[in-house]
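Okay, here's what each chain looks like letter by letter:
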Amino acid sequence: MNSIRRTLLVWLLAGLATIALAASGVTYLAARREVGQLLDLQLKQLAYSTRIDDLLRGRQPGFDARRMPHDEGVTELVTQIWDRDGVLVYWSQPGMGLPVPATEGYSTIHHNGRDWRVYTLVQGSHALQVAQAQDERAAIATQTALRTLVPFLALIPFFGVLVWVGVGRGLEPLDAMSKAVSKRRPDALGPLSEGALPDELQPLAASLNGLLARLSDAIAAQRRFTADAAHELRTPLAALKLQLDLARRTNDPEQRAAALDDLEAGVARASHVVEQLMTLARAEPEAMAQRRTQCDLVAIAKDAIVARAALAADKGIDLGLARETPASVSGDPASLGILLSNLIDNALRYTPRGGRIDVSVDGDERGATLVVADTGPGIPAEARERVFDRFYRGEDNGGPGSGLGLSIVKRIADAHGATTDLGDPADGSGLVVTVRFPPFLRKG
């Protein structure tokens, strides 16, 4: 199970251990160098404090040339005296036999499998050697380093407890936020308070509030959609029931035929409303974003025109592609087909016989434009903002329709980042619907 507190504890303690090891190495090297310098100085001081003549006569008081005081106690020394003929005349450890000194001062030699640090002092006709084993000097350096580092290493468990408690205190706001979210009712979609949160939790709270706002909008839209659908379907269903009752009660074949025709028309209208409602439910930005691809507006326009050519010919309406400039947009081709189909269907519904519907596609570096212009009665300027509302139909509009066509157009256009404008044609009455898409950016 993942734990932020455990992860932080492990990483912080690992960092402390790494620092401790690095400090140990640096301290060891520094201690060895400093202790070596100190022991070199003691060798030199011992050599200068020794009078060779008195040592040879055994009269130097209070001196043991085989042992030297140090912080750790005493260290073993080797002391030898040579005359000018290279004859060993004094030795502190019989059989040691350090080689004859070649130069005065400090030197390091290898003898009997051990390294020795030697200081040589010439006094008159004799040379005094004072030597110490290098392994003893290294042991002193190691002990000095350990005395420095042991307290630090002993404090690591204390640091661990401190980190554990500190991380727990730091995570308290996160725990409080989690508890606040878990105690909320399903319908409580108000924003979380961000005032007292630390800086690290501000982005999380902002993201949660954004999610809650989108969820609230989605639920509200779903409720509106359900209410609107129920309201819109109530009337045609009631009419269907009345027409069905009329067809059952009448014995006149003509009245029965007329009632059945009305019943068929009512079923067609109810089916159209249901189809439009389903289209509107699918026209959500999140759903269309998953199906985005490069779309050719000219090809989509041609398909929509061909699919409605027979209906336009039956009504005596001239439907065609007036202008086709290559244009591509990023979006869902099926949704864009629905957008254009609704615009053409709306134009076919209100354009009188002998009228004209022109579809135009333009594209340049500023984006793509889709235009549908008809010669119908148009829409009054004061009603053009409301025609995009669900189920809205003008007061003088007695024709068939569900009032969802332009609402679906607006929803699909918004999901593609496009704008939708209603205008008047320059050469007469009618309506011009213009959908402007942003520039298409190719990846790579």
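Residues numbered from 1 in each chain as written. Predicted model: local features only at pLDDT ≥ 70, side-chain atom pairs only at ≥ 80, totals over all residues. Heavy atoms only, no water.

**Q** Is there a simple way to explain the overall build of the protein chain in this structure?
**A** The number of helices and strands found in the protein chain is twelve helices and 14 strands. Burial analysis of the protein chain (444 residues in total) assigns 36% to the buried set. Of all intrachain contacts in the protein chain linking residues separated by at least 6 positions in sequence, the fraction that spans at least 24 positions is 62%. Of the roughly 26200 Å² of accessible surface on the protein chain, a fraction of 57% belongs to carbon and sulfur atoms. (Helix = DSSP H or I, 4+ residues; strand = E, 2+ residues; numbered from the N terminus. Buried < 20%, exposed > 50% of the residue type's maximum accessible area, 1.4 Å probe, protein only. Contact = heavy atoms within 4.5 Å. Areas by Shrake-Rupley, 256 points an atom, 1.4 Å probe, with all protein chains shown as cover.)

**Q** Explain the sheet that holds strand 9 (residues 318-324) here, please?
**A** The strands that make up a sheet are held in pairs by hydrogen bonds between backbone atoms, and each pair lies either parallel or antiparallel. Read across the sheet, five strands follow the order 9-11-12-14-13 without closing on themselves; strand pairing throughout is mixed. Of all the strands in the sheet, the pair left with one neighbour each is strand 9 and strand 13 (419-423). Each neighbouring strand pair of the sheet contributes to a mean axis angle of 15 degrees, computed without reference to strand direction. Where strand 13 meets strand 14 (residues 431-437), five bridges bridge the pair, whose relative direction is antiparallel. Paired with Asp421 across the bridge in strand 14 is Thr434. Contacts between helix 9 (residues 297-307) and the sheet are confined to strand 9, strand 11 (356-364), strand 12 (367-374) and strand 14, with strand 9 contributing the most and set at about 170 degrees to the helix. Along the sheet, helix 11 (residues 333-350) makes contact with strand 9, strand 11, strand 12 and strand 14, crossing strand 12 at roughly 20 degrees. (Pairing = 2+ DSSP bridges. Axes fitted to C-alpha atoms, helices over the stretch in contact; angles between N-to-C directions.)

**Q** What exactly am I supposed to notice about the pairing of strand 14 here?
**A** Regular strands show a simple pattern: their side chains alternate between the two faces of the sheet. The buried fraction of strand 14 is high, at six of seven residues. Note that strand 12 and strand 14 share seven bridges and pair antiparallel. If you follow Asp374 over to strand 14, its bridge partner there is Leu431.

**Q** Honestly, the packing of aromatic side chains in this entry has me stumped. Any pointers?
**A** To describe a pair of aromatic rings, one takes the distance between the centres and the angle between the planes. Within the structure shown, the criterion is met by two aromatic pairs. When the centroid spacing of 6.4 Å and the interplanar angle of 45 degrees are considered together, the rings of Tyr48 and Tyr119 count as tilted. With Tyr48 in helix 1 (residues 4-49) and Tyr119 in strand 6 (residues 114-123), this pair connects stretches of sequence that are 71 residues apart. Among the aromatic side chains, those forming a connected cluster through ring pairs are Tyr48, Tyr106 and Tyr119. (Phe/Tyr/Trp six-rings, centres within 6.5 Å; stacked < 30°, edge-to-face > 60°.)

**Q** In this structure, what is going on with a nonpolar patch on the surface? I would like to understand it.
**A** A cluster of nonpolar residues, Ile4, Leu8 and Leu12, forms a patch on the protein surface that exposes about 250 Å² of accessible area. Positionally, Leu8 belongs in helix 1. (Patch = residues over 30% accessible without salt bridge, like charges linked within 9 Å, V, L, I, M, F, W, Y side chains within 5 Å. Salt bridge = Lys/Arg side-chain N within 4 Å of Asp/Glu carboxyl O.)

**Q** What's the story with the pattern of salt bridges in this structure? I'm lost.
**A** When the charged atoms of two side chains lie near each other, side chains of opposite charge can form a pair. Enumeration over the complete set of coordinates arrives at eleven salt bridges. Between Arg114 and Asp135 there is a salt bridge, with its nearest N and O atoms 2.9 Å apart. Of this pair, Arg114 sits in strand 6 while Asp135 sits in helix 3 (residues 134-154); the two residues are 21 residues apart in sequence, bridging distant segments of the chain. Among the residues examined, Arg114 registers a relative accessible area of 31% and is labelled partly exposed. Using a relative accessible area of 44% as the deciding quantity, one classes Asp135 as partly exposed.

**Q** Explain helix 9 to me, please; I cannot follow it from the model alone.
**A** Each full turn of the α-helix corresponds to 3.6 residues, which orients residues three or four apart in the same direction. Of all the residues in helix 9, the buried ones are Leu297, Val298, Ile300, Ala301, Ala304 and Ile305. End-on view of helix 9: buried residues confined to an arc of 160 degrees, all on one side of the axis. In helix 9, the exposed positions angled more than 90 degrees off the buried face are occupied by Asp303, Val306 and Ala307. Between a side-chain oxygen at the N-terminus of helix 9 and the backbone nitrogen of Val298 the separation is 3.1 Å; the capping residue is Asp296. (Arc of directions from axis to C-beta. Polar contact = N/O pair within 3.5 Å; in protein donor to acceptor, adjacent residues only side chain to side chain.)

**Q** Would you explain the confidence of the model for the protein chain in this entry?
**A** Scored by pLDDT, the protein chain has a mean of 76; 80% of the residues are at 70 or more. Below pLDDT 50 for its whole length, residues 397-402 participates in 15 contacts with residues either more than four positions away or in separate chains. (pLDDT = per-residue confidence, 0-100.)

**Q** Can you help me understand the side chain of Asp358 in this one?
**A** With respect to the helices and strands, the residue Asp358 is situated in strand 11. At 2.8 Å, the side chain of Asp358 forms a polar contact with the side chain of Arg356.

**Q** Is there a simple way to think about the sheet that holds strand 4 (residues 88-91) in this case?
**A** As summarised here, the arrangement of the five strands in space is 4-3-7-6-5, forming an open sheet in which the pairing is antiparallel. Every interior strand has two partners, whereas the edge strands, strand 4 and strand 5 (105-111), have only one. Within this sheet the neighbouring strands show an average axis-to-axis angle of 25 degrees, counted without direction. Both strand 3 (residues 78-83) and strand 7 (residues 126-133) contribute to a ladder of six bridges, which runs antiparallel. Each residue of the ladder has a partner; that of Thr79, found in strand 7, is Val130. Sheet strands touched by helix 1: strand 5, strand 6 and strand 7. Its angle to strand 6, the strand with the most contacts, is close to 35 degrees.

**Q** Which parts of the structure should I look at to understand the nonpolar core?
**A** Generally speaking, soluble globular proteins have nonpolar side chains that are buried together. Membership of the largest hydrophobic core comes to 39 residues, with the highest contact counts inside it found for Leu340, Val359 and Phe437. Among the elements of the structure, helix 9, helix 11, strand 11, strand 12, helix 12 (405-415) and strand 14 are those that each provide at least two residues to this core. Of all the elements, helix 11 adds the most residues to this core, at seven residues. Apart from residues no more than four positions distant in its own chain, Leu340 is found in contact with Ile300, Ala301, Ala304, Val359, Leu370 and Val372. Residues Ala47, Leu77, Tyr119 and Leu121 belong to the second largest nonpolar core, which totals ten residues. (Core = buried A, V, L, I, M, F, W, Y, C linked by side-chain atoms within 4.5 Å.)

**Q** How should the environment of Ala265 be read in this particular structure?
**A** By the secondary structure assignment, Ala265 is in helix 7 (residues 253-282). C-alpha separation for the pair Ala265 and Leu240, spaced 25 residues apart in sequence, amounts to 9.2 Å.

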